[in-house]
Amino acid sequence: MNVTEDNTEQCGNSLTRELTQTPLKKIWVPSSTNGLPERHISQRKVCMTNCPTLIVTVGLPARGKTYISKKLTRYLNWIDVPTKEFNVGQYRRECVKIYKSFEFFRPDNEEGLKIRKQCALAALNDVRQFLTDEGGQVAVFDATNTTRERRETIIRFAEQNGFKVFFVESVCEDPDVIAENIVQVKLGSPDYTHCNTEEAVADFMKRIKCYENSYQPLDEELDRDLSFIKIIDVGRRYLVNRVQDHIQSRIVYYLMNIHITPRSIYLCRHGESDLNIKGRIGGDSGLSARGKEFAKALGQFIQSQNIRDLKVWTSQMKRTIQTAEALGVQYEQWKALNEIDAGVCEELMYEEIQQRYPLEFALRDQDKYRYRYPKGESYEDLVQRLEPVIMELERQENVLVICHQAVMRCLLAYFLDKTAEELPYLKCTLHTVLKLTPMAYGCKVESVCLNVDAVNTHRDRPSNVDVSRLPEEALLTVPDHH
Amino acid sequence: MRGASRSKNTQDLDKRVCMTNCPTLIVTVGLPARGKTYISKKLTRYLNWIDVPTKEFNVGQYRRECVKIYKSFEFFRPDNEEGLKIRKQCALAALNDVRQFLTDEGGQVAVFDATNTTRERRETIIRFAEQNGFKVFFVESVCEDPDVIAENIVQVKLGSPDYTHCNTEEAVADFMKRIKCYENSYQPLDEELDRDLSFIKIIDVGRRYLVNRVQDHIQSRIVYYLMNIHITPRSIYLCRHGESDLNIKGRIGGDSGLSARGKEFAKALGQFIQSQNIRDLKVWTSQMKRTIQTAEALGVQYEQWKALNEIDAGVCEELMYEEIQQRYPLEFALRDQDKYRYRYPKGESYEDLVQRLEPVIMELERQENVLVICHQAVMRCLLAYFLDKTAEELPYLKCTLHTVLKLTPMAYGCKVESVCLNVDAVNTHRDRPSNVDVSRLPEEALLTVPDHH
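Nothing here was measured: the structure is a model prediction, and the numbers come from that model. (Residues numbered from 1 in each chain as written. Chains lettered and ligands numbered in written order. Predicted model: local features only at pLDDT ≥ 70, side-chain atom pairs only at ≥ 80, totals over all residues. Heavy atoms only, no water.)

1. As for the interface of chain A and chain B
- Residue-level contacts link 50 residues of chain A with 47 residues of chain B.
- Where chain A abuts chain B, roughly 4600 Å² becomes buried across the two surfaces, and 47% of that area is made up of carbon and sulfur atoms.
- The largest contributions to the chain A side of the interface with chain B come from W28(A), R237(A) and Y253(A), which together make up 15% of the buried area.
- Here chain A and chain B share 4 salt bridges between them.
- When the shortest N-O distance is used, the salt bridge between E347(A) and K346(B) registers 3.5 Å.
- The interface formed by chain A and chain B holds 17 residue pairs in polar contact (both at pLDDT 80 or more) in total.
- Elements with a minimum of two residues in the side of chain A that touches chain B: β2 (8–11), β3 (14–17), β4 (19–21), β5 (28–30), β11 (237–241), α7 (246–255), β14 (332–333) and α13 (379–395) of chain A.
- By residue class, the composition of the side of chain A that touches chain B is 17 nonpolar, 13 polar and 20 charged. (Contact = heavy atoms within 4.5 Å. Buried area = accessible area lost by both parts, 1.4 Å probe. Salt bridge = Lys/Arg side-chain N within 4 Å of Asp/Glu carboxyl O. Polar contact = N/O pair within 3.5 Å; in protein donor to acceptor, adjacent residues only side chain to side chain. Helix = DSSP H or I, 4+ residues; strand = E, 2+ residues; numbered from the N terminus. Nonpolar A, V, L, I, M, F, W, Y, C, P; charged D, E, K, R; others polar.)

Below is the structure:
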């Protein structure tokens, strides 16, 4: 076996490049001449798609297009598909500073039509920039797009730029749903800050009317060559046509699992554990005395909330199960909710990690989201592992999830649309329950501290993350422990 | 997995989403030669693999048991009173077995595979389900593409017991007339008339889908699965990494590189792949060094999946079987007692592996030609899915080093071609020893350990 100049081994006629493991994510990649990893795009997840995807909403006003756009964008970003939404209404508000009335949307309002077209084109231009120049993978073009003509324009735009197009249409004639929609997101819109409720509703209903006559819904026959999902009556029925690839398949699956039934999701960690008190990470220890107190308090809290049909989920680790046991209700164990695997650092104190693996400790501080423990996991791995949990949470109604610090951070990041940078530093303290209630386009968060003392397990990012830093600098932000 | 059902008590507390409290009756709908049995069998195989006890009930089978010899399409004529009577009896007999499976035998899902083309027949089934507390989900296949139907007939009808006595032309002619018998009374599921039913209508083999009233998690998973499968001809190649340094030492797990022979295999694999001239081949590996090294030798692009990593042996990582017996004799025995469900301390079980591999299977269904370079336990799980193996069989499937399995979907199953690339390697297959009792002697435990250095 000869080792040649370019650091490859030659076995007979074939070349076998040397492999090296990237320090941060522990990915095996071919190394270049100096033994450092080459840039390698072969990693992980399904190749989402080579060309970017343009998702185009279709539907009358107040059919949930923006709700769907924002939610889908949040989900795709969370599973690491760079996505951005482009709401044409926003562009219109920036262009026409003051909204007067529905008359702007009248189909015979030449001036209005001109402005609205310009706004759509401006938005498409930004779409192009995001997908072509800024590394975006999916763009969600959120507008009514109710005419075949407008959709044709978009399709041509996409073809010219090498984007795939996937339409998401929402069709709904249930007056209660539309009315609730208007209350939740239209009354508070910048368009109606100067109106009272009655005026706003009346004007908005007339606005909808402006679109109705020219509305050409996606049609099974006429649009049979397009890729789309038609969502009817908020998910009662779906028509899915020509799913082209993996990402569209995932989008369809996601859209078919979400609902708008009011409910709340409760997130908390297990009660304080014996290893928590010792300042050790990971492991599978039981609850401390205070942890057991918390479990009891949690039971009382849950009772007091009078939650309808509450489902309780735990991980398969002793401390979450012990916590759930105190509630006296049925619960389901999910292996997927287990705490992040710290590999060789399992059950160590931060001080010990600094001592034995100072390089690893620094790398983790440099990029806590992507850093993978040797023989362990990264937050990035966690998100992938938790995706089925999120999908099922979307399907469910009232759920209490008793989990762990890193896991809770990932789930919280999904609901609160946090970035990869923010996620690993979200504050998820022991003995505090977060109640998340979907509201308008986002999530209301209520934090309930159950007043049982516990150690702090939150370690902030220290200022010095350099591998050359002193141990004291590395350990500056380690929380107190016994 | 089939055979993997344990008592309902532990099932409730355990893992996954509680699939559903009431059992589910899946009912196929469609004219003959629309792929109903194909879908039934595939869906059953998938659900069993993800540990939802499922069984299919093909009414045509019941009819063949009842009417020993099939004469001709005349049996299916809508004015054939005798035929109608027998067919109705068969449907009821099948439903009876469905009830027994779902109510008495711990079944979770039953797939009732028949044409069920009239609203009246479907009403009967719905009433039956209501009386027994089963949820109903209809799966209809609608297709008018003559090529698809013709291919269907060639693949699965010509070889049917009904036509053993006919030549191809006769069989096709008869079958086309059989289809005609159903056409006049066919009442497809309708958006309006059937708006209160839960169903998926598959149009033109997946070009389009209409999905109505998905009630719960299992129906949602079924819809997702059905929307990802296709019938485009393709092959899936499965193999392990080349022999590794730890393999030679008889050690399990770890993240070692290829031995000299392993590298030879990688080269031979590259040559084999080239020779096969596969269109648009995708290559997948795990994130462990040995599979990646193997893929590197192919000189083509490949994707790394963490989900394809070998089973985590926890505290037993990098140990020899002899050492496991020495340090953890109880664990070693427990593993032999139930290798599928046994979880290594701080590690995984085959059962965990299957859950981890489900997205890989889903994506394999979407893809066409794929080569998966993985590991022994992982390959066993994937193979069990394609070849419909039970939980008992899965952990003992033979997946030897330096052998490629080429799987090609055919009719209702999968053709397997085994290609040994003629590069020597250690044997890593340990059979179940006869004595699995915790009280056994070390020698008895180690009886089936394969040779190593």
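Continuing now.
2. A word on the state of the cysteines
- Applying the stated rule across the entire model yields 0 disulfides over all chains.
- C403(A) supplies the cysteine sulfur nearest to C268(A), a cysteine that is in no disulfide, at a spacing of 7.0 Å. (Disulfide = S-S within 2.5 Å.)

3. Topic: the packing of aromatic side chains
- Applying the stated criterion across every chain, the model contains 29 aromatic pairs over all chains.
- Pairwise contacts between aromatic rings join Y99(A), F104(A), F105(A), Y192(A), F204(A) and Y211(A) into one cluster.
- Against the face of Y425(A) rests K368(A), its NZ or CZ located 4.6 Å from the ring centre.
- The positively charged end of K339(B) is found above the aromatic ring belonging to Y396(B), 4.6 Å away from the centroid. (Phe/Tyr/Trp six-rings, centres within 6.5 Å; stacked < 30°, edge-to-face > 60°. Lys NZ or Arg CZ within 6 Å of the ring centre and 35° of its normal.)

4. Focus: the UniProt feature "binding site: substrate" (unreviewed entry) in chain A
All names here are of chain A.
- Taking the UniProt record as the reference, the feature "binding site: substrate" (unreviewed entry) is found at R269, H270, G271, E272, S273, D274, L275, N276 and R319. Across 51 residues, the annotated set stays spatially compact, with a maximum C-alpha separation of 14.1 Å.
- With respect to the helices and strands, the residue L275 is situated in helix α8 (residues 274–277).
- The contact partners of L275, leaving out residues within four places of it in the chain, are R280, G282, G283, D284, S285 and E347.
- Here N276 shows up in helix α8.
- Not counting the four nearest positions on each side in its chain, N276 is found in contact with R269, H270, G271, L430, V455 and T457. (UniProt positions renumbered as here; feature names shortened; annotations may be inferred.)

5. Some points on the sheet that holds strand β10 (residues 370–374) of chain B
All names here are of chain B.
- In spatial order, the strands read β9-β8-β10-β7-β11-β12; together these 6 strands make up an open sheet with mixed pairing. Of all strands in the sheet, those bounded by a partner on one side alone are β9 (303–304) and β12 (413–420).
- Here strand β8 (residues 282–285) pairs with β10 via 4 bridges, running parallel. Note on β10: the bridge partner recorded for K282 is V370.
- The strands touched by helix α15 (residues 376–387) are β7 (236–240), β10, β11 (403–410) and β12; relative to β7, the strand with the most contacts, the crossing angle is about 150°. (Pairing = 2+ DSSP bridges. Axes fitted to C-alpha atoms, helices over the stretch in contact; angles between N-to-C directions.)

6. Quick word on helix α7 (residues 168–183) of chain B
Residue and element names in this part refer to chain B.
- Helix length check: α7 (16 residues) gives 23 Å between terminal C-alpha atoms against 22 Å at 1.5 Å per residue, within 8%.
- Among the residues making up α7, those that are buried are A171, D174, F175, R178, I179, C181 and Y182. Seen end-on, α7 carries its buried residues on one side only, within an arc spanning 150°. For α7, the exposed residues lying more than 90 degrees away from the buried face are E169 and K180.
- In this fold, the buried residues of α7 make contact with α3 (59–66), α4 (81–104) and α6 (146–157).
- Its side-chain oxygen at 3.0 Å from the backbone nitrogen of E169, N167 defines the N-terminal cap of α7. (Expected span 1.5 Å × (residues − 1). Buried < 20%, exposed > 50% of the residue type's maximum accessible area, 1.4 Å probe, protein only. Arc of directions from axis to C-beta.)

7. Quick notes on the side chain of K157(B)
All names here are of chain B.
- Secondary-structure assignment places K157 in helix α6.
- For K157, which is buried and forms no salt bridge, the nearest opposite charge comes from D162, at a distance of 7.6 Å.
- Beyond its immediate sequence surroundings of up to four residues, K157 is in contact with A33, N152, Y163, F175 and Y412. (Lys, Arg positive; Asp, Glu negative; His and termini not counted.)

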